[in-house]
Structure formats: C-alpha cells, structure tokens
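Okay, here's what each chain looks like letter by letter:
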Amino acid sequence: MYDYKTVRHLRNRLDGFRKEGKTIGFVPTMGALHEGHISLIRKSIADSDVTVCSIFVNPTQFNVAADLDKYPRTTERDCAMLEAVGCDVVFLPDVDEVYPPDMDTSYEVDFGPLERVMEGAHRPGHFAGVAQVLKRFLEIVEPDAMYMGQKDFQQLTIVRDLLKRLESKTRLVMGETIRETDGLAMSSRNMRLNEEERAIAPRISKALFNAKKKLETHSLAQIREEALAELDIPEFTVEYFEIADGITLQPIDSLEGVEIAVACTAVHLGPVRLIDNVVLKE
Ligand code: AMP
C-alpha cells in the first residue's frame, strides 16, 4: 500500500494510475477505522482499479472543540487494517496540507432546507465543514467514484447535492450501515464509551428497529412518541428523533406519497454523541 502525506506526492501517483487508464475509487474517513469503513473500502476495491482512503480529522466540521480534541486517532492500526483488506493508497495529510495558509480553500454554500434539520440544526457549521473538505479532496483525488455510509444519512443527501452543485463527474456510492452483533451502529466514537455505556448503547438501534416494526399499526406521530419514550432513560439525552422524507429530509407525518422515509436519531450517552438511522420505506 502506498502512503502519502502530501498532495503533490499523492497526485503524482494518481496521475500515473490515470495514465494507465485505471479508475479510482475514494473513501474519505476520519480514521479510527472499523468494519463500517472497511466495508466501503471493499466496495471500492470491487468496483475500481485503484482504491484511495483518506484519513483526516477535519477540524472545520467540528462545532465543539472538545469533540475534535478527543476524536480517537489510531493511524498505525488503521493503516494495518487498510493494508490487510487490500487498499491501494492511503492519504494522511496534516491540516496545513489540506488547508494551506496561502490558499483560499473556503467554500460558502447553503444547502437550504437540507441543512436546517437534524444534524444541520444541532451542529451549526458542520455541513459547511464537510462540504469544504470534500470539495478540496475531490479536487485533489478526482475520483471516479466516492463511497460513503448510510450511517450518516443526512451527510449522503448533502454530498449528493454538493456533487451536483460542483458539476462533479464523481459517482456517489452508498454503503449500508454495518452494526455490532447487538445492533449498535459501528462508529469511531463507540471507543469512548465505558462498559456500562456500551451495554445500553444498543437501545438506540432497538428504538429505530421497533419504529420500523410499527409502520402497519401506528401513525408516524405515535411511532415517534413511543421511540422517544423508549429512549427516555437517565443515561440518554436525546437531541432529536425524526421521521423524515429520505429525499427532502423534512419531517413527515404520513408515508403517503413519500418515496423514501427514514427515522434518524442523535443521542448523547456519557461523553459521546451517537447518531443512527433506519430506512422505513424505499
Ligand atoms: P467517518 O470516519 O466517521 O467520517 O466516516 C467515514 C465514512 O464511513 C462515512 O462515509 C461514514 O458514513 C462511513 N461509516 C461510518 N460508520 C459506518 C458504519 N457503521 N457502517 C457503514 N459506513 C459507516
């Protein structure tokens, strides 16, 4: 596996691959890799000639400084995992490489209603940071396809919109959410849970799965109310539990005329904020 810290070295190698007619698949990550990330790498390897994974904890998408400071960093282990699965290139830039002080890397964008709900409403500036870093990475890597997880459902929708705005030729490929055997969605942040917190964390996915089971018998308002009641335990602080149109991301009160519906939640547990979602209808 090739590993590069600079844009110049990475681009040299990728230009070489492109001259050989090879297609490039790209998996952007913030590291502390788990099977969810690796499933995206596998998808890319299956479709593309060359797979590039970036590991970069992007400071501009963190709206809480402590969350950025405490974000797990396990680069050596990450590289071993990438090597083992057959990733071709890992890009490990530092902040100045992604945002050189003498380069204007700012990107002002308003995703409209898509960013006024759920993660966008609760993490001001988050999607602006995501858009900024992805725009930069797309310019650096110029991938044929980019692989992202359904775990971050709203992010996928925003990135789809971003690619359209940028008139990008990169295809966006979604990977399903990979879960622990008890249902907890894999997340780099799970590492920060203590034993007791880890034991109750699966209640989040359970509430989402239960919501899906009630579709035939309950109204969406009832489903939401019961899910909130399930999550109402002293260890959890629920930021939101929404049932939304999977395309517009706006809250819905009925599935009628809705092509895709999704239940999304964000819950604080101990020191971490966990998000998860389940597609109710597609
Ligand atoms: P992150 O490192 O958290 O920025 O995530 C990098 C990519 O991995 C994003 O596209 C995420 O949606 C995806 N991802 C994170 N967790 C999972 C998971 N449990 N299953 C599938 N994809 C995931």
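What counts, and at which threshold
Throughout, a residue's number is its position along its own chain's written sequence, starting from 1. This being a predicted model, a pLDDT of at least 70 is required before a residue's local features are given, and a value of 80 or more before pairs of side-chain atoms are given or counted; all residues contribute to the totals for chains, interfaces and linings. Only hydrogens and water are set aside; all other atoms, that is, all heavy atoms of the structure, feed into the side-chain values. A pair of strands is considered paired only if DSSP assigns at least 2 bridges between the two. Numbering of helices and strands runs from the N terminus; a helix is a DSSP stretch of H or I covering at least four residues, while a strand is a stretch of E covering at least two. Every axis in this analysis is a line fitted to C-alpha atoms, fitted for helices over the stretch in contact. Angles between the N-to-C directions lie between 0 and 180 degrees. Residue exposure (1.4 Å probe, protein chains only): buried if accessible area is under 20% of the type maximum, exposed if over 50%, otherwise partly exposed. Neighbouring residues are identified by heavy atoms, a residue being near a molecule or strand if any of them is within 4 Å of it. By the criterion applied in these results, polar contacts are pairs of N or O atoms within 3.5 Å in which, for protein atoms, one can donate a hydrogen and the other can accept it, and in which residues neighboring in sequence qualify only through two side-chain atoms. Only the protein chains shown count as cover for residues, with accessible areas throughout obtained via the Shrake-Rupley method and a probe of 1.4 Å. As a working rule, the residues Ala, Val, Leu, Ile, Met, Phe, Trp, Tyr, Cys and Pro are called nonpolar, Asp, Glu, Lys and Arg charged, and the rest polar, with Gly in that last group. In this scheme Phe, Tyr and Trp rings, the latter by its six-membered ring, pair at centre separations within 6.5 Å, and the angle between planes marks the pair as stacked below 30 degrees, edge-to-face above 60, and tilted otherwise. Lysine NZ or arginine CZ positioned within 6 Å of the ring centre and within 35 degrees of the ring normal marks a charge as sitting over the ring. Any carboxyl oxygen of Asp or Glu that lies within 4 Å of a side-chain nitrogen of Lys or Arg is treated as forming a salt bridge with it. The contact rule is simple, with two residues in contact once any of their heavy atoms fall within 4.5 Å.

A. Region of the structure containing the sheet that holds strand 2 (residues 24-29). Within the open sheet, the 6 strands sit side by side as 1-4-3-2-5-6. Their pairing is parallel. Two strands bound the open sheet, and with one partner strand each, they are strand 1 (2-4) and strand 6 (171-175). Averaged over all pairs of adjacent strands, the angle between their axes in this sheet comes to 25 degrees, without regard to strand direction. Judged from the 3 bridges that link them, strand 1 and strand 4 (residues 89-91) form a sheet pairing that is parallel. By the bridge assignment, Tyr 2 is partnered in strand 4 with Val 89.

B. Region of the structure containing the pairing of strand 9 (residues 272-281). Burial within strand 9 is extensive, with 9 of its 10 residues counted as buried. Of the pairings in the sheet, the one linking strand 8 (residues 261-269) to strand 9 comprises 9 bridges and is antiparallel in character. By the bridge assignment, Val 262 is partnered in strand 9 with Val 279. In this antiparallel pair of consecutive strands, strand 8 and strand 9, the connection spans 2 residues, and Gly 270 shows a positive phi of 55 degrees.

C. Spatial organisation of the site of the ligand. Taken together, 16 residues form the shell around the ligand, and within it Met 30, His 37, Asp 152, Ile 178 and Met 186 come nearest. In the environment of the ligand, a nitrogen atom lies 2.9 Å from a nitrogen or oxygen atom belonging to the backbone of Met 186. Bound to the protein, the ligand loses 93% of the 490 Å² it would expose on its own. Of all the secondary structure elements, the ones that give two or more residues to the shell around the ligand are strand 2, helix 2 (35-47) and strand 5 (145-149). Examining the composition of the shell around the ligand, we find that 3 residues originate from one element, helix 2, more than from any other. Grouping the amino acids of the shell around the ligand by side-chain chemistry returns 7 nonpolar, 6 polar and 3 charged.

D. Main features of the packing of aromatic side chains. Scanning the model with the defined rule gives 7 aromatic pairs in all. The lysine or arginine in question, Arg 13, covers the ring of Phe 17, its NZ or CZ lying 4.1 Å from the ring centre. The positively charged end of Lys 135 is found above the aromatic ring belonging to Tyr 107, 5.3 Å away from the centroid.

E. Broad picture of the pattern of salt bridges. Scanning the entire structure with this criterion turns up 18 salt bridges. Across the salt bridge formed by Glu 142 and Arg 11, the nearest N and O atoms sit 2.8 Å from each other. Of this pair, Glu 142 sits in the loop between helix 7 (126-141) and strand 5 while Arg 11 is found in helix 1 (residues 7-19), placing the two residues 131 residues apart along the sequence. By relative accessible area, Glu 142 is classed as partly exposed at 40%. Residue Arg 273 pairs with Glu 119 through a salt bridge whose shortest N-O separation is 2.8 Å. Taken together, the residues span a long stretch of sequence, with Arg 273 in strand 9 and Glu 119 in helix 6 (residues 118-122) at a distance of 154 residues.

F. The arrangement of the sheet that holds strand 9 in detail. As summarised here, the arrangement of the 3 strands in space is 7-8-9, forming an open sheet in which the pairing is antiparallel. What marks the edges here is a single partner per strand, and that holds for strand 7 (236-245) and strand 9. On average, each strand axis in the sheet is inclined to that of its neighbour by 15 degrees, with strand direction left out of account. Sheet contacts for helix 10 (residues 203-213): strand 7, strand 8 and strand 9; angle to strand 9, the most-contacted strand, approximately 15 degrees.

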